[in-house]
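Take a look at the letters that make up each chain.
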Amino acid sequence: MGIKTLLFDLDGTLIDTNGLIIDSFRHTFKKHTGRDYSEEEILPFIGPPLIDTMRHVNPERAQEMMDTYREHNLANHDAYVKAYPTVVETIKRLHQQGYKLGIVTTKITATAKLGLEITGLAPYFDVIIGLDEVEHAKPHPEPIIKALHALDRTPVDAIMIGDNYHDIEAGQNAGTQTAGVSWTIKGRESLAKLQPDYMLEHMSDLLTILEVE
């Protein structure tokens, strides 16, 4: 059976928010620890749930730090966010061809919707599963299974596309096919070693994989 359902991570996959995320972490860590964190130190924090990162830095002030991060992130959101090359036209084409499209993200749903609206992607997605809608974040399969259930689809004809290890592992854990994106800020080798079914050089590669004319 061919792929009929495509599930996407959001940040770092469809939309470029890396600068915003790094700046938000720097602002938060400086305010709450008094120390300037380098980009190299921040990179491992990109992807996992925010609360996990803040607990790692300071368990006693994790919620306070998360509030600071979100306040800064939301205030500066619109100035940073943009879609990666070929994303908008590819997603639009897939939607027109009748594919079911979903977002599975560790962002809270409302913030994810904001990014989709800004980039013009919102009309093309049938479901958004954010961190606030699940008990277990990626790489646990729950978010993917929940998205598939909402779309009335099964893992057999689905693919999970993402820029981070937990996207690929979540897809593998849920039984979908997987695709990594070569533009991941952590470097394509970080995904290649997980052996996804596909590695995309551009989002438009999906049209070739799916034989969309």
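Before any of the text, the structure's been laid out above.
Residues numbered from 1 in each chain as written. Predicted model: local features only at pLDDT ≥ 70, side-chain atom pairs only at ≥ 80, totals over all residues. Heavy atoms only, no water.

Caption draft 1: Inspection of the overall build of the chain at higher detail. Secondary structure assignment for the chain yields 10 helices and eight strands. The principal-axis extent of the C-alpha atoms belonging to the chain is close to 55 × 30 × 30 Å. A fraction of 64% describes how many contacts in the chain between residues 6 or more apart in sequence connect residues 24 or more apart. Roughly 9800 Å² of accessible area belongs to the chain as shown, and the carbon and sulfur atoms make up 48% of that amount. Taken as two groups, the 20 positive and 32 negative side-chain charges of the chain have centres that lie 2 Å from each other. (Helix = DSSP H or I, 4+ residues; strand = E, 2+ residues; numbered from the N terminus. Contact = heavy atoms within 4.5 Å. Areas by Shrake-Rupley, 256 points an atom, 1.4 Å probe, with all protein chains shown as cover. Lys, Arg positive; Asp, Glu negative; His and termini not counted. Charge placed at Lys NZ, Arg CZ, Asp CG, Glu CD.)

Caption draft 2: Fine view of helix α4 (residues 62–80). For α4, built from 19 residues, the straight-helix expectation of 27 Å at 1.5 Å per residue is met to within 8% by its first-to-last C-alpha distance of 25 Å. Largest kink in α4: about 35 degrees, centred on Leu74. If you check which residues of α4 are buried, you get Ala62, Met65, Met66, Thr68, Tyr69, His72, Asn73 and His77. Buried residues along α4 sit in contact with α1 (18–33), α3 (50–57) and α6 (109–119). (Expected span 1.5 Å × (residues − 1). Bend = angle between axes of the 7 residues up to and from the residue. Buried < 20%, exposed > 50% of the residue type's maximum accessible area, 1.4 Å probe, protein only.)

Caption draft 3: The arrangement of the sheet that holds strand β6 (residues 158–162) in detail. Strand order in this open sheet of six strands is β5-β4-β1-β6-β7-β8, and the pairing throughout is parallel. Unpaired on one side and paired on the other, β5 (127–129) and β8 (198–200) mark the two borders of the sheet. If you compare each strand with its neighbour and ignore which way they point, the axes differ by 25 degrees on average. Sheet topology places strand β4 (residues 100–104) next to β5; three bridges connect them, and they run parallel. Looking at β5, one finds that Val104 is bridged to Ile129. (Pairing = 2+ DSSP bridges. Axes fitted to C-alpha atoms, helices over the stretch in contact; angles between N-to-C directions.)

Caption draft 4: Structural context of the pairing of strand β1 (residues 5–8). Here β1 shows two buried faces, one formed by Thr5 and Leu7 and the other by Leu6 and Phe8. Pairing of β1 with β4 involves four bridges; the strand directions are parallel. Across the sheet, Thr5 pairs through a bridge with Lys100, a residue of β4. Sheet topology note: the β1/β6 ladder contains four bridges and is parallel. Each residue of the ladder has a partner; that of Leu6, found in β6, is Ile159.

Caption draft 5: Geometry of the packing of α3 against α4. Axis separation between α3 and α4 bottoms out at 8 Å; the angle between their running directions is 125 degrees. One element, α3, and the other, α4, form an angle in the oblique class. The two elements α3 and α4 cross, and the hand of that crossing is right-handed. Seen from α3, the contacting residues are Leu50, Ile51, Met54, Arg55 and Val57; seen from α4, they are Ala62, Gln63, Met65, Met66, Tyr69 and Arg70. The residue inventory of the contact of α3 with α4, partitioned by class, reads eight nonpolar, one polar and two charged. (Parallel < 35°, antiparallel > 145°, perpendicular 65-115°, else oblique. Left-handed = near helix turned anticlockwise from the far one by under 90°. Nonpolar A, V, L, I, M, F, W, Y, C, P; charged D, E, K, R; others polar.)

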